[in-house]
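Survey of secondary and tertiary structure
Take a look at the letters that make up each chain.
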Amino acid sequence: MSLPTSRHSHTQYSNGYSNGYSGGYKNGHASYYKDESWAMSPQDSKYHPKFRKSAYARRRLFLKLGFVFLVVFGFSLLVSPSLRFTVFSAIGLGYSLYKDIPGVEYHDLSLYKGSATGWQRGERILFLSPLRDAEAHLPMFFSHLRNLTYPHHLIDLAFLVSDSKDNTMNLLTDLLKKQQSDADHNQWFGEITVIEKDFGAAIGQDFSNRHGFAAQGPRRKLMARARNWLLNATLKPHHSWVYWRDADVETAPTSILEDLMRHNKDVIVPNVWRPLPDWLGNEQPYDLNSWQESETGLELAAKLGEDDVIVEGYAEYATWRPHLAYLRDPRGDPDVEMELDGVGGVSILAKASVFRAGAHFPAFSFEKHAETEGFGKMCRRMKFTVIGLPHYTIWHLYEPSSDDLKHMKEMEEQRIAHEKEEKEKAEQKTRLEEGWDIKKDKDTWDKDQKEIIDAALKAKEVEKGAMASKGTGKDSGKTPDQDLRGSREGPIAHVDEPGVGVLTTEDEEKKGQIVGHENGRVKQNKLPVEPTKQESQFA
Amino acid sequence: MGTRLQRSSPFRLLFALLGLLLFLWWMIQPSSHSPRTLNINLPDSSPPTPTAALTPPKTAPGINVISMNNLTATANPLKNSERLLILTPLARFYDEYFDNLLKLNYPRNLIDLGFITPKTHAGNIATLKLQDALRKVQHGPKKSRFNKITILRQDFGTPTGQSEKERHAMKAQKDRRASMARARNSLVFTTLNPTISWVLWLDSDIIESPPSLFQDLAKHNKQVIVPNCFQRYKENGVWKERPYDFNSWQDSETALNLGKTMKDDEILLEGYAEMPTYRALMAYQRDEKADKHVEMLLDGVGGTALLVKASIHRDGAMFPTFPFYHLIETEGFAKMVRRLGHQPYGLPNYLVYHYNE
């Protein structure tokens, strides 16, 4: 279509249209074009219905596009700090401040507050892991790191290696070097810091030591110091989030950072369970440090001394608090949230602003708690939201305790003994089947058997006669057979009585002469047995 | 509505759209060729773009291994080349403050500076003034440059009203000091890098101190030590001085008992007639004739000038933004230091001077 035509016809049309509908201004406005700038020819004044329609549609499309663009822009201006940053820097106070001065960094902390979709906005996460004698867990830990779906270059890794007697340090640097020289650039992480600091821990790191009740207070305080040192040494102004993760997590969703971040809470923890061997029930809540405060807990806290630390999960301090771990439903909605007062440290995602504001892991008894539980308490005190996800579960490594190990050893011994027995049985069986010619021996066997039975029967008949003459006077109306039948307590084994303990053949059993078996021996009764009333009652 | 839409020509619409696009381009355009990004501190050194933070770097960032086992904080910091971090919450910029800062005679290559300014008009002005002052220093000879300087803008609001009267109104104190505490925490926990041994808190209104302030305080080799803060004033044409900072004190029975009767979220304040605490204030313990280096034990400290071993902050000692044992900010800090098992000290005869408004 030709533009001049369109322009012209449009003017015409609009003029006539507004004449019909509205007042002076619009008329005048339209005639402005007509008089001043638009040349007209008679043939153009014709009405072009077809064209009018398409022009109309086009105009509407333009308008719609413009409108949509405006809305999108306005919305992204509201939502995206980076866009706002560029826009504001163009019109507002110069954000190019301090750019020309060597050795100076300028940060507007309000750009690093953290949002629900940080991975889209380039929000940096500080990923923190305190390590001690963790050599065994490192390869697994790095496989988790590799699998993280959050953009790796936005994750700054920081480790604290303290009081390690094994090869943690060397293995860690090797693995990090390997990671950073990966052919896939998307595998590279951001800044990496490894801090070495020994605190002189007196308490061992194996499961029974570290979870013994008496060891918990001082141990937690020491862990708190380690966490604080790591955090303070590596937290930079440009971090929006801080993620704490223990090295001994066995299974976790690869999108855990995004999953937790989406909730946009100040502090958020998943549920932590651990898998167990089947003889212990397959699975078990692991992290009992995530809980809601209870009345009992507060009462208990009020009774304790200033420096005492309540440690959750021990019978010594029964607090009756609702634990995040116990509220898990394997089929529950993973997005369900629950307010917490204490948190566990296996996996914590927190906004960096929480730590900037001063929240930390108390290395002293803060409201009767230390370390991560104290951190939860402190965050609540500072009015931050502390949330747990009861149905979003990560799995901690199962480390057998010394009791478990003992039990496992016993089980192993039993298993070996059982296998040995089975093997012997099987061997005996094959020996029996292979070693004997059963057909050949059968005749002699039958012959021998018959002779034995005959002899036994003869002997019994003699004894029976003797007993009948003995017993008539004593047992008033009671036959000896009734004695042998047993009672409510079960069949009686009259081992030492006459007539008992004699081997019988199948024939006799069929005739009903065998009453029962006891201890591998056979009780015998010559008379066929009919169930009495008493017996049927207890049958 | 329908009529108006119909009356505009496609050309006009085109113009409008073009105009809009031009406007948008103009708004976004500066960032496309100037080195401005959301994340200024990208480990990547390649020229950043607005989306630099969203794309992976071109070279893999390296691995820093830092041992903090040999980090010392001793009575003679210069001998071990111990690094000092001077932190200042900067509500207002005074030239006298900066001049005094430049007079400190500890080697500047061992000094890091940290400032935090509120996002208010006053904060903007302070930021700009500081920029000018720092530009002069950092463009000077290499020897006189500070090792590193970090300037932060607060990500939280400040209670308004910074005039002397408003600032000291008892009701406003809690909010003001909570905000101040938060500023201090934001500053120390983001600038305390692993090589630093000492942290010196120096308020922006400290305009006079001995040039050897740091060495003199470090000489005592205490975890936390605070000098006495006075103020010079003119009376009938004669310069006199008077105590200024009342936050350094030894606790009293009265104050402790008062604390016991208070609710959890109430705070004890010093220097208000409505709340007599009868604490032993360091401000009043000054003896002009006595030795400058006399020490005294303290239970609360002021923050106008305060030297702290970095390890204390690393252990977690911070400035409570909430009533901690009914104490807040620097006084709460002293309490937290004591909860962590250390003792703050004061030097009643060693003076620094506060600006007189």
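Just so it is clear, the structure is predicted and the values come from calculations on it, not from any experiment.

1. Some details on the overall build of chain B
For chain B, the helix and strand inventory stands at 10 helices and 13 strands. A burial count over chain B gives 55% of its 357 residues as buried. Across chain B, every contact between residues at least 6 apart in sequence was considered, and the portion connecting residues at least 24 apart equals 77%. Looking at chain B as shown, the accessible area adds up to about 15600 Å², and 55% of this sits on carbon and sulfur atoms.

2. A short note on helix H7 (residues 168-180) of chain A
With 13 residues, H7 of chain A should cover 18 Å at 1.5 Å per step; its first-to-last C-alpha distance of 18 Å lies within 8% of that length. Looking only at H7 of chain A, the buried set comprises Thr168, Met169, Leu172, Thr173, Leu175, Leu176, Gln179 and Gln180 of chain A. Seen from one end, H7 of chain A has its buried residues packed into an arc of 165°, which puts them on one side. Exposed positions of H7 of chain A whose direction lies more than 90 degrees from the buried face are Lys177 and Lys178 of chain A. In this structure, the buried side of H7 of chain A is in contact with strand S2 (124-131), helix H6 (138-147), strand S3 (155-161) and strand S4 (192-196) of chain A together with strand S1 (63-67) of chain B.

3. Side note on a negative patch on the surface
Negative charge collects at one region of the surface, where Asp443, Asp446, Asp448, Glu451 and Asp454 of chain A lie side by side. Note on placement: aspartate 454 of chain A falls in helix H15 (residues 438-471).

4. Quick notes on the nonpolar core
Among the nonpolar cores identified, the biggest contains 74 residues, and Val242, Trp244, Phe355 and Phe375 of chain A together with Trp201, Leu306 and Phe333 of chain B are the most heavily contacted of them. The leading source of residues in this core is helix H9 (residues 213-234) of chain A, at six residues. Not counting the four nearest positions on each side in its chain, phenylalanine 355 of chain A is found in contact with Leu231, Leu235, Val242, Trp244, Ala350, Phe361 and Phe375 of chain A together with Phe189 of chain B. Leu213, Phe214, Cys229 and Leu307 of chain B belong to the second largest nonpolar core, which has 43 residues in total.

5. Topic: the side chain of aspartate 156 of chain A
For aspartate 156 of chain A, the position within the fold is in strand S3. Polar side-chain contacts of aspartate 156 of chain A include one of 2.8 Å to the side chain of arginine 124 of chain A.

6. Points about the packing of aromatic side chains
Residues and elements named next belong to chain A. Applying the stated criterion across every chain yields a total of 25 aromatic pairs over all chains. With 6.5 Å between their ring centres and 75° between their planes, tryptophan 119 and tyrosine 150 make a pair best called edge-to-face. Here tryptophan 119, found in helix H5 (residues 118-121), pairs with tyrosine 150, found in the loop between H6 and S3; they are 31 residues apart in sequence, far enough to count as distant. Taking relative accessible area as the criterion, tryptophan 119 reaches 23% and is therefore assigned partly exposed. Classification of tyrosine 150 as buried rests on a relative accessible area of 0%. Aromatic pair phenylalanine 142 and phenylalanine 159: ring centres 6.5 Å apart, planes at 15°, arrangement stacked. In this pair, phenylalanine 142 is assigned in helix H6 and phenylalanine 159 in strand S3, connecting sequence segments 17 residues apart. Phenylalanine 142 sits in the buried class, given a relative accessible area of 4%. In this structure phenylalanine 159 comes out as buried when scored by relative accessible area, which is 0%. For the cation-ring pair, lysine 197 lies above phenylalanine 199, with the distance from its terminal atom to the ring centre recorded as 5.7 Å. A cation over a ring is seen here: arginine 321 above tryptophan 291, with NZ or CZ 3.7 Å from the ring centre.

7. Notes on the UniProt feature "coiled-coil region" (unreviewed entry) in chain A
Taking the UniProt record as the reference, the feature "coiled-coil region" (unreviewed entry) is found at residues 402-431 of chain A. Between the C-alpha atoms that bound residues 402-431 of chain A the distance is 43 Å, and the span itself is 100% helix and 0% strand.

8. Quick word on the layout of surface pockets
Looking at the largest pocket, its volume works out to about 1200 Å³. Lining the largest pocket are 48 residues, with Arg381 of chain A together with Asp264, Pro323, Phe324 and Tyr325 of chain B sitting closest to its centre. Elements supplying a minimum of two residues to the lining of the largest pocket: helix H11 (295-303) and helix H13 (371-381) of chain A together with helix H6 (170-191), helix H8 (253-261) and helix H10 (329-339) of chain B. Here the lining of the largest pocket gets five residues from one element, more than from any other, and that element is H6 of chain B.

9. Brief notes about the pairing of strand S4 (residues 148-153) of chain B
The buried fraction of S4 of chain B is high, at five of six residues. Alignment of strand S1 (residues 104-108) of chain A against S4 of chain B, held across five bridges, turns out to be parallel. Across the sheet, glutamate 105 of chain A pairs through a bridge with threonine 150 of chain B, a residue of S4 of chain B. Taken together, the six bridges between strand S3 (residues 111-117) of chain B and S4 of chain B define a ladder with parallel strand orientation. Residue threonine 117 of chain B lies in a different strand from S4 of chain B, and its bridge partner there is arginine 153 of chain B. Following the backbone out of S3 of chain B, through helix H4 (residues 121-138) of chain B and into the adjacent parallel S4 of chain B, one traces a crossover that is right-handed.

10. Focus: the packing of H6 of chain A against H7 of chain A
Residues and elements named next belong to chain A. At a minimum axis separation of 11 Å, H6 and H7 run at an interaxial angle of 25°. When the interaxial angle is binned, H6 and H7 end up roughly parallel. Relative to H7, H6 is oriented so that their crossing is right-handed. Across the interface between the two elements, Leu138, Pro139, Phe142 and Arg146 from H6 touch Thr168, Leu171, Leu172, Leu175, Leu176 and Gln179 from H7. Class assignment for the residues of the contact of H6 with H7 results in seven nonpolar, two polar and one charged.

11. A few points about the environment of methionine 223 of chain A
Residue and element names in this part refer to chain A. Take methionine 223: it is sitting in helix H9. Among the residues examined, methionine 223 registers a relative accessible area of 15% and is labelled buried. Remark: the alpha-carbon pair of methionine 223 and proline 130, spanning 93 residues in sequence, is separated by 8.6 Å.

Procedures and definitions
- Residues numbered from 1 in each chain as written.
- Chains lettered and ligands numbered in written order.
- Predicted model: local features only at pLDDT ≥ 70, side-chain atom pairs only at ≥ 80, totals over all residues.
- Heavy atoms only, no water.
- Helix = DSSP H or I, 4+ residues; strand = E, 2+ residues; numbered from the N terminus.
- Buried < 20%, exposed > 50% of the residue type's maximum accessible area, 1.4 Å probe, protein only.
- Contact = heavy atoms within 4.5 Å.
- Areas by Shrake-Rupley, 256 points an atom, 1.4 Å probe, with all protein chains shown as cover.
- Expected span 1.5 Å × (residues − 1).
- Arc of directions from axis to C-beta.
- Patch = residues over 30% accessible without salt bridge, like charges linked within 9 Å, V, L, I, M, F, W, Y side chains within 5 Å.
- Salt bridge = Lys/Arg side-chain N within 4 Å of Asp/Glu carboxyl O.
- Lys, Arg positive; Asp, Glu negative; His and termini not counted.
- Charge placed at Lys NZ, Arg CZ, Asp CG, Glu CD.
- Core = buried A, V, L, I, M, F, W, Y, C linked by side-chain atoms within 4.5 Å.
- Polar contact = N/O pair within 3.5 Å; in protein donor to acceptor, adjacent residues only side chain to side chain.
- Phe/Tyr/Trp six-rings, centres within 6.5 Å; stacked < 30°, edge-to-face > 60°.
- Lys NZ or Arg CZ within 6 Å of the ring centre and 35° of its normal.
- UniProt positions renumbered as here; feature names shortened; annotations may be inferred.
- 1 Å grid on protein atoms, 1.4 Å probe; cavity = no way out; pocket = protein on both sides within 12 Å on 5 of 7 lines; lining within 4 Å.
- Points joined across faces, edges and corners; volume = space filled by probe spheres on them.
- Pairing = 2+ DSSP bridges.
- Right-handed = clockwise from strand over helix to strand, strands pointing away.
- Axes fitted to C-alpha atoms, helices over the stretch in contact; angles between N-to-C directions.
- Parallel < 35°, antiparallel > 145°, perpendicular 65-115°, else oblique.
- Left-handed = near helix turned anticlockwise from the far one by under 90°.
- Nonpolar A, V, L, I, M, F, W, Y, C, P; charged D, E, K, R; others polar.

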